[in-house]
Amino acid sequence: MLEGKLLPMLYVRHVPKSVEFYRDVLGFEFRGWWDDARNAYVADPPIGAARDFAELCAGDLVLHLHQAQSDQVIPETAPAILHLLVRNADAYYREVRSRAGELEPPRDQPWGWRQFYIRDPDGHQWSFHHVI
């Protein structure tokens with residue numbers, strides 16, 4: 001039987017820049033950088049340690065950001081849309097817009113969601129919605 005949480009891992013061009021976007025624009029909680037020596041996430045890795053894998057969370061969602069290798073292609077338009085349920089799409093939109101600038105406002109969709117979209121610095125598309 002399947003049980004558990006979905007833990008998406010996004011390959012990104014620059015993990016620290018993506019951490020800033022998810023933490024400072026979308027309001028995700030930063031859990032830390034992966035430290036191989038300690039086999040754990042740490043808030044402050046040793047000086048000179050690579051910051052190429054990070055963990056953030058939003059509610060029950062745990063998001064991993066992984067440094068893409070030079071031979072990995074990150075599409076400008078992500079092949080998937082990640083949907084995240086929020087308490088109130090309009091309130092969250094106002095919060096994100098205050099930090100991100102211009103965004104299309106939430107809209108009522110025929111499938112019963114009020115939602116808005118935003119792309120991260122690598123083109124991964126997120127949909128934030130509540131059920132109407």
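Residues numbered from 1 in each chain as written. Predicted model: local features only at pLDDT ≥ 70, side-chain atom pairs only at ≥ 80, totals over all residues. Heavy atoms only, no water.

1. Examining the packing of aromatic side chains
Defined as follows: Geometry of aromatic contacts follows a simple scheme: Phe, Tyr and Trp rings, the Trp one being its six-membered ring, pair when their centres are within 6.5 Å, and the pair is stacked under 30 degrees between planes, edge-to-face over 60, tilted otherwise. Every helix listed is a DSSP run of H or I at least four residues long, and every strand listed is a run of E at least two residues long, numbered separately from the N terminus. Burial classes: relative accessible area under 20% of the type maximum marks a residue as buried, over 50% as exposed, and values in between as partly exposed (1.4 Å probe, protein chains only).
As enumerated under the stated definition, the model contains 12 aromatic pairs in all. Between Y93 and F116 the ring centres are 5.4 Å apart and the planes differ by 75°, which places this aromatic pair in the edge-to-face class. Of this pair, Y93 sits in helix α2 (residues 89–100) while F116 sits in strand β8 (residues 113–119), and the two are 23 residues apart along the sequence. Overall, the relative accessible area of 10% leaves Y93 in the buried class. Residue F116 is classed as buried on the basis of its relative accessible area, which comes to 1%.

2. Observations regarding the sheet that holds strand β1 (residues 9–12)
Our working rule: Strand pairing follows a simple DSSP-based rule, namely that at least 2 bridges must link the two strands. An axis is simply a line fitted to the C-alpha atoms; with a helix, the fit covers only the stretch in contact. Between two such axes, the angle follows the N-to-C directions and lies from 0 to 180 degrees.
Pairing in this open sheet of 5 strands is mixed, and the strands run β1-β5-β4-β2-β3 from one edge to the other. Unpaired on one side and paired on the other, β1 and β3 (40–42) mark the two borders of the sheet. Ignoring which end each strand starts from, the neighbouring axes of this sheet average 35° apart. Both strand β4 (residues 53–58) and strand β5 (residues 61–67) contribute to a ladder of 6 bridges, which runs antiparallel. Along β5, the bridge assignment pairs A54 with L65.

3. Some words on the layout of surface pockets
For clarity, the threshold we go by: Think of a 1 Å grid over the protein atoms and nothing else: a 1.4 Å probe that fits but is trapped marks a cavity, an open set flanked by protein within 12 Å on at least five of seven lines marks a pocket, and residues with an atom within 4 Å of a point count as lining. Grid points are joined across faces, edges and corners, and a volume is the space filled by probe spheres set on the points. All amino acids are sorted into three groups, where Ala, Val, Leu, Ile, Met, Phe, Trp, Tyr, Cys and Pro are nonpolar, Asp, Glu, Lys and Arg are charged, and the leftover types, Gly among them, are polar.
Of the volumes computed, that of the largest pocket is approximately 460 Å³. Residue lining of the largest pocket: 18 residues in total, with A58, G59, L85, V86 and R87 positioned closest to the centre. Contributions of two or more residues to the lining of the largest pocket are made by β4, β6 (81–85) and α2. Of the residues belonging to the lining of the largest pocket, the class tally is 11 nonpolar, 3 polar and 4 charged.

4. Quick look at the pattern of salt bridges
Stated precisely, the cut-off is as follows: The term salt bridge refers to a pairing of a side-chain nitrogen on Lys or Arg with a carboxyl oxygen on Asp or Glu at a separation within 4 Å.
The final tally for this structure, using the stated rule, is 9 salt bridges. Here E104 makes a salt bridge to R107, at a shortest N to O gap of 3.0 Å. Judged by its relative accessible area of 53%, E104 falls in the exposed class. Taken together, the shared-partner salt bridges in this structure form one network comprising D90, D108 and R114.

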